[in-house]
Amino acid sequence: MELWRVVAVVFIVSVLVFIPARLVLWTTTGGAVADLPGGELPDGEITLILIELLRPVWPPLALAFLSGCFALWAWTVLWHAGLVRWFYYSGKSGVRLAEVLSRGLFGWWRWARLGLTSLAALVLVQAGIAWAYIRLEERAVNLVDDSNLGFYLETGILLGLVFAAVVWMATLRGAWLLGDSRRRSAVLAWFAGLWGTVRQPMRSLATLAVWMTPAFVAAIGPTILAWRFEILREMVPSTVLGLVAGVVVAFCQVGLFLSYAPTTGLERAGSSDNP
Amino acid sequence: MSNARKRQKFPVIESPDTDLGYTLIVKSISVFLALVLLIAVVPSAAQDLDIASYDIEVVLDPDTHGLTGSETIRWRNTTSVPTSEIWFHLYLNAFANSESTFVREHSREPIEGIRTLDGDWGWTRVTRIELSDGTDLLSGMSFERPDDGNQHDFTAARITLPRSVLPGESVTLEIDFEARLPRVMARTGYSGDFHMVAQWFPKLGVFEGEDGWNCHQFHFSTEFFADFGDYRVRMTIPRGWVVGATGEEISREPVGTGDVVEFRARGVHDFAWTTAPPDLMAAFDVEFDPGRHVPMVWLDRASLMLDLGAADLELPPMTIRFLVPQSQGILIPRMIRATRLSIAWFGLYFGPYPYAQLTVVSPPPGARAAGGMEYPTLITTGASRLDASPVFSWRTGIERVTAHEFGHQYFQGMLASNEFEMAWLDEGLTSWAENLCVSDLINDGLVPEIPLAKVWGMNRVLASFEDHPVTIDRPNWERRRIMDAFLATYIKPALMVETLGGLYGEDRLLRAVRAYVLEHRYGHPTGDDLQASLEGSLGEDLSWFFDSVVRGDQRPDWAVLSVRNHWIRPARGMAWRDSRWQKVDDESEAGPWRVEVELGRRTELAGPVTVELTWETGRTERRVWDGRDRWIRWTEVSPEVLIQVVVDPDGAWVLETRRADNYWRDENWSRHPSDVGPLWWLEGALRLVGFLAVPWS
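Since the model is a prediction, treat every value here as computed from it, not as a measurement.

**Observations regarding the overall build of chain A**
And step 1. When helices and strands are counted, chain A shows 10 helices and zero strands.
And step 2. Moving toward the C terminus, one meets the helices and strands of chain A in the order α-α-α-α-α-α-α-α-α-α.
And step 3. Expressed along its principal axes, the backbone C-alpha trace of chain A runs to roughly 70 × 55 × 35 Å.
And step 4. Scored against the burial criterion, the 275 residues of chain A give a buried share of 39%.
And step 5. Looking at chain A alone, contacts between residues at least 24 apart form 73% of all its contacts between residues at least 6 apart.

Listed below in structure tokens is the structure:
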């Protein structure tokens, strides 16, 4: 239960990182949006107003958004690293948030390298799939026969999703393997994670699915509900729903990460020197 | 031919109407009804539809993609001015070299889907021009560059006649020519064994009397202009290849190693054709039977909107010939449905399609640049096998392109306005009608693959990218950017017409455009004709609108400048009462409110606009501001507070793209700035993006 502190801080930071983007967004559009009447507006009205208002501020908005994404990534690396190092070196002493964060801070660069390896793998794989599809499309054009193009596209999308999941699972496993004091290379740890994923694909996938299905539902649920029920677009219900969804997502993220913690074969806290 | 050999053989697609007995009955009835109705709508001789008629023999060499042809042109001077010269187009020379006007304009701002031509030039060479008595005219031929003086452009030519053609007289020219198709671009050319043969023969310009010949060079962002005439074309193609063309197939007979196919078309102003081997393209005919293919809901709606009885909206049956890639067989039902519904929609609102046949060509992969084009009685669409994939089946591409290109049968095929100088007149009206048609197609549930269509929103968003004022009524080659041409030709004119619908009523506008189509059928109308026709039908003076929006570059922009609710306090201080100054200090009774609303117009475009006022009791009222002044102040004393003002609440001015200041709400009644309200989906998107940033950490 002490891990709730981690869940709480994961949730809070995930909200905080996008505050600059939200600020730009709402300070620019808030006044105009507040003036809009309820009920149906002319076709395309909201999009037009957004374009009109956001066009002059797109550089700061893009900067705020991208820096939010980067901050979220960096933060996730930090708490991943913190949890792994806490698990290996202090696991028996209970969760102390400050310790998790400080250990994460000191190990950040190692786990950041793992994250970058993961990103590079993802980009490489997706680019490979896109390249293969483009070549197949060119071939179809040259043969003046696009009868298989739909199959190629659907297969490409499916492969893209599968490989994204594989890369994710490899990263999760690699993050825990990187906690082993004998393993210094983040790249090798990632590949070891990949090997572990390939060896136990269903188990890895099941773990991912168990945690991420509710997380994904929570992430898109409020939007779908608000689309269906107008009352949920108002400030109070949308805020409450957003907060609940955010906590569920954070809980699932922490739960997923901890589910990949090794149960055997690795040394636990107290059995090795604290690096 | 090599590609054909490599390709996998697909079973040839049969016509969906396979019941022979039924087909025969339908065809017989169709022919009879078509004859009856066509007598009423097909152009009569009095409409001068036999001005430039062509009799062409052409041989296609599928290996070199070359054409060898001869044509007899009979041209009649229908003006009151004699002429001793004739101008004509050699459109394929637009692709003859790297410095043609077309390629120069293309290179300035390349757009997707149009390749450079290096090594794949297309051209037309005239090898003989004679009068019918054998007088040689070729030696006097010169190339003309009326638009830009580009000496490398060979798309317009002129010959001098030995004597003038007087008003009412005719002249007959005998021309031999050779041509080569480019790799498919700008809606003509070849890809593998697929040949889209368009803009392919020496073709006369339009003689306009005192103004001389209207014969522009071929530009990147303009299309064509020609007189009506009758066409008889005999093309020699490889044996067994399928063929689709303007008009109707009269005969097909084997000659040597090929087939000679004859097509005839009456009362048209261009002729295009396409051919391909049968293992690449399937060709089949289906019927348009108004009794089965006109949705009842459309008939009722059109009857209501146009104030016409069902008998006045009767449509003739007709034949639709499809040429579809074998690989897109799965899409055929959708293509047929889109075509039949388009014929029904345009027929109901703008009068029956007057020809007996329509040919629909869906270019194969690799020939997409041949797609999305209109020729008289022949259109090319633009489907992809991906449209059958669940990933993309919700896209409106098939329906949109079909409706758009069929719409051109009216605004380009029959009205035939000058697309060089006034491309907007055809494209803009067609885009407007396409939006209405697609909206009905989808929102009436006739295309279940697509749940909902909001067509005007996309047009308005595109129009908002007009970052400097663009005049609609201007030749496209005089524009600064291709994007300007796109906006001024398609988007702004469509929004302009729809704005008239918003101002005067959609039903009145539809009646007015229908009247314009019927009045100017086969008449080459101009923008002035459109204005006069709409003014006549609507009974309104539209010069303020056309001068600002069409001939000028004005855009509407209304705003709520300020709103004040003043509580009229009981007077305090000194007042002259009962012949003396008295102290007044009565705070007991609450006074009414003095409400001031200031509205403004931020551009020169002045016109009437509806304003909706909402009071605190929920009462709403609508007023119309004539918009003549740059601003106006409405003041009134009211027992209640004004809580909301909306300028143009229905979005009647769809041309207006700056809408943020059209709304005002009292702060006590408005949302808190942190209330995302209408932007709820943006917050959801942000949440999802945050979620997706995590896995790579």
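**Thoughts on the sheet that holds strand β26 (residues 593–601) of chain B**
Residue and element names in this part refer to chain B.
And step 1. Strand order across the open sheet formed by three strands is β23-β26-β29, with antiparallel pairing between neighbours. Two strands bound the open sheet, and with one partner strand each, they are β23 (558–567) and β29 (631–638). Geometrically, the sheet is characterised by an average inter-axis angle of 15° between neighbouring strands, direction not taken into account.
And step 2. Relative to β26, β23 is paired through nine bridges, and the arrangement is antiparallel. Residue Asn565 lies in a different strand from β26, and its bridge partner there is Val595.

**Here we look at the pairing of strand β17 (residues 273–276) of chain B**
All names here are of chain B.
And step 1. Neither face of β17 is exposed, since Trp273 and Thr275 on one face and Thr274 and Ala276 on the opposite face are all buried.
And step 2. As paired strands, strand β9 (residues 194–197) and β17 are joined by three bridges and run antiparallel to one another. Looking across to β17, one finds that His195 is bridged to Thr275.
And step 3. Examined bridge by bridge, strand β14 (residues 242–245) and β17 share four bridges and lie antiparallel to one another. Bridging from a neighbouring strand, Val243 pairs with Thr275 of β17.

**Describing helix α9 (residues 455–463) of chain B**
And step 1. If you check which residues of α9 of chain B are buried, you get Val455, Trp456, Asn459, Arg460 and Ala463 of chain B. All buried residues of α9 of chain B fall inside an arc of 125° around its axis, so they share one side.
And step 2. Contacts made by the buried residues of α9 of chain B are with α3 (45–54) of chain A together with α8 (423–443) and α10 (482–504) of chain B.

**Regarding the nonpolar core**
And step 1. In this structure, Met281, Met335 and Phe346 of chain B are the most contacted members of the largest nonpolar core, which totals 196 residues.
And step 2. With residues up to four places along the chain from it excluded, the contact list for Met281 of chain B reads Phe194, Val242, Ala276, Leu323, Val324, Pro325, Gln326 and Pro364 of chain B.
And step 3. One finds Phe18, Leu178, Ala189 and Leu256 of chain A within the second-largest nonpolar core, a separate group that totals 58 residues.

**Let's talk about the domain arrangement of chain A**
Residue and element names in this part refer to chain A.
And step 1. Along its sequence, chain A is carved into domain 1 (1–29 + 43–106), domain 2 (108–199) and domain 3 (201–261).
And step 2. Relative to domain 3, the C-alpha centre of domain 2 lies at a distance of 24 Å.
And step 3. At the level of elements, α7 (149–177) and α8 (186–199) are the ones that each hand at least two residues to the side of domain 2 that touches domain 3.
And step 4. In terms of residue class, the side of domain 2 that touches domain 3 is built from six nonpolar, one polar and one charged.

Thresholds, definitions, all that
Residues numbered from 1 in each chain as written. Chains lettered and ligands numbered in written order. Predicted model: local features only at pLDDT ≥ 70, side-chain atom pairs only at ≥ 80, totals over all residues. Helix = DSSP H or I, 4+ residues; strand = E, 2+ residues; numbered from the N terminus. Buried ≥ 20, exposed ≤ 12 C-beta atoms within 10 Å, placed from the backbone. Contact = placed C-beta atoms within 7 Å. Pairing = 2+ DSSP bridges. Axes fitted to C-alpha atoms, helices over the stretch in contact; angles between N-to-C directions. Arc of directions from axis to C-beta. Core = buried A, V, L, I, M, F, W, Y, C linked by C-beta atoms within 7 Å. Domains from an automatic or database assignment. Nonpolar A, V, L, I, M, F, W, Y, C, P; charged D, E, K, R; others polar.

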